[in-house]
Amino acid sequence: LTDRPGRLLVIGLAYALDSIFYFFVQSNVGAVTYTVLAQSKIFFTVLLLRMRGMLGQLRPAQRLGLLSLFAGANLVALKDVATGVAAANDGNRLLGIAGLLCAQAVSAIANVAYERRLREPGGDVWVRNVQLTAAISLWLGVGSLIRSVLILASGGTPPSPATLLT
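Residues numbered from 1 in each chain as written. Predicted model: local features only at pLDDT ≥ 70, side-chain atom pairs only at ≥ 80, totals over all residues. Heavy atoms only, no water.

1. Some remarks on the packing of helix 3 (residues 40–51) against helix 5 (residues 93–118)
Counted only if it meets this: In this analysis an axis means a line fitted to C-alpha atoms, helices contributing only their contacting stretch, and an angle means the value between N-to-C directions, from 0 to 180 degrees. Numbering of helices and strands starts at the N terminus; helices are DSSP runs of H or I of at least 4 residues and strands are runs of E of at least 2. For classification purposes, an angle smaller than 35 degrees is called roughly parallel, one larger than 145 roughly antiparallel, one from 65 to 115 roughly perpendicular, and anything else oblique. Each crossing is labelled by how the near helix is turned from the far one, with a counterclockwise turn of less than a right angle marking it left-handed and a clockwise turn marking it right-handed. In this analysis, two residues are considered to be in contact whenever any of their non-hydrogen atoms come within 4.5 Å of each other. Each residue is assigned to one of three groups, with Ala, Val, Leu, Ile, Met, Phe, Trp, Tyr, Cys and Pro labelled nonpolar, Asp, Glu, Lys and Arg labelled charged, and all others, Gly among them, labelled polar.
As a packed pair, helix 3 and helix 5 sit with axes 8 Å apart at the nearest point and diverge in direction by 45°. By the criterion of interaxial angle, the relationship of helix 3 to helix 5 is oblique. Read as a crossing pair, helix 3 and helix 5 show a hand that is right-handed. Only Leu-101, Gln-104, Ala-105, Ser-107, Ala-108, Ile-109, Asn-111 and Val-112 of helix 5 make contact with helix 3, whose side of the interface consists of Ser-40, Lys-41, Phe-44, Thr-45, Leu-48 and Leu-49. Here the contact of helix 3 with helix 5 is built from residues that sort into eight nonpolar, five polar and one charged.

Written out as structure tokens, the structure is:
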């Protein structure tokens, strides 16, 4: 675990941001839109792997499959925006969709960077997974601490753990 643990901090930050974006996106788009558009991470990851030279040439059937996935996801999302079923609380649907696509792109960047780390000679996959989990947990803890400080500084009281579970 002492094998350069800090090298995964930036990748962990990207995954932590993706997790934080999840709550923002869920308050602005419906479950169907989220589920369908979350598949865009596949498209972004394949694109980045190709750009980095880590993935060979795609066959025409694979290209068609990726394009169909991406087009279908966007059509479902646009339908939800047009019909108003994207969010029950009248959240900003377009902002939610943009946030979701941004989060998926950031997560795809982290996927490719992590894949590159896993391919390094002499690396242990288990150790890298533990390091990445620790990095993500660290960033989520820092985010929670900052949020609590901001709540306290504004005169509010942070919610008790019991209320978070109900």
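2. What to know about the packing of helix 1 (residues 9–26) against helix 5
Two elements in contact, helix 1 and helix 5, have axes separated by 9 Å at closest approach and are oriented at 160°. Put simply, helix 1 runs roughly antiparallel to helix 5. With respect to the hand of their crossing, helix 1 and helix 5 are arranged in left-handed fashion. Residue composition of the contact of helix 1 with helix 5, grouped by class: 14 nonpolar, five polar and two charged.

3. Observations concerning the confidence of the model for the protein
Filter applied, for reference: On a scale of 0 to 100, pLDDT captures the predictor's confidence in every residue.
Confidence in the prediction of the protein, expressed as mean pLDDT, is 81, and 84% of residues score 70 or more. Taken element by element, the protein is modelled with least confidence in helix 7 (residues 161–165), mean pLDDT 57, and with most confidence in helix 5, mean pLDDT 89.

4. Focus on the pattern of salt bridges
Note the following rule: Any carboxyl oxygen of Asp or Glu within 4 Å of a side-chain nitrogen of Lys or Arg constitutes a salt bridge here. Exposure is judged per residue with a 1.4 Å probe applied to protein chains only, and the accessible area is read against the type maximum: over 50% gives exposed, under 20% gives buried, and values in between give partly exposed.
Per the stated rule, a full pass over the model turns up four salt bridges. Its salt-bridge partner being Arg-128, residue Glu-120 comes within 3.9 Å of it at the nearest N-O pair. Grouping residues by exposure puts Glu-120 and Arg-128 together as buried. A cluster of three or more residues bridged by salt bridges with shared partners is formed by Arg-7, Arg-117, Glu-120 and Arg-128.

5. Topic: the packing of aromatic side chains
Filter applied, for reference: Aromatic pairing here means that ring centres of Phe, Tyr or Trp (its six-membered ring) are within 6.5 Å. Orientation follows from the plane angle: under 30 degrees is stacked, over 60 is edge-to-face, and everything else is tilted.
Inspection of the entire model under this criterion finds three aromatic pairs. Summarising the aromatic geometry, the rings of Tyr-22 and Phe-23 are spaced 5.2 Å apart at their centres and angled 80° between planes, so their arrangement reads as edge-to-face. A relative accessible area of 61% means that Phe-23 is categorised as exposed. Note on Tyr-22 and Tyr-34: the rings are 5.2 Å apart at their centroids and 85° apart in plane angle, and the pair reads as edge-to-face. Of this pair, Tyr-22 sits in helix 1 while Tyr-34 sits in helix 2 (residues 31–37); the two residues are 12 residues apart in sequence, bridging distant segments of the chain. Looking at Tyr-34, the relative accessible area reads 18%, which means it is buried.

6. A word on the side chain of Gln-104
The residue Gln-104 is located in helix 5 in this model. A relative accessible area of 2% means that Gln-104 is categorised as buried. Setting aside chain neighbours within four positions, we find Gln-104 in contact with Asp-18, Leu-37, Ala-38, Ser-40, Lys-41 and Phe-44.

7. Here's the deal with helix 3
What counts is decided by this rule: Expected span of a helix, by definition, is 1.5 Å for each gap between consecutive residues, and there is one gap fewer than residues.
The first and last C-alpha atoms of helix 3 sit 17 Å apart over 12 residues, in line with the 16 Å expected at 1.5 Å per residue. For helix 3, the complete set of buried residues consists of Ser-40, Phe-43, Phe-44, Thr-45, Val-46 and Leu-49. Two residues or fewer after helix 3 comes Gly-53, characterised by a positive phi angle close to 75°.

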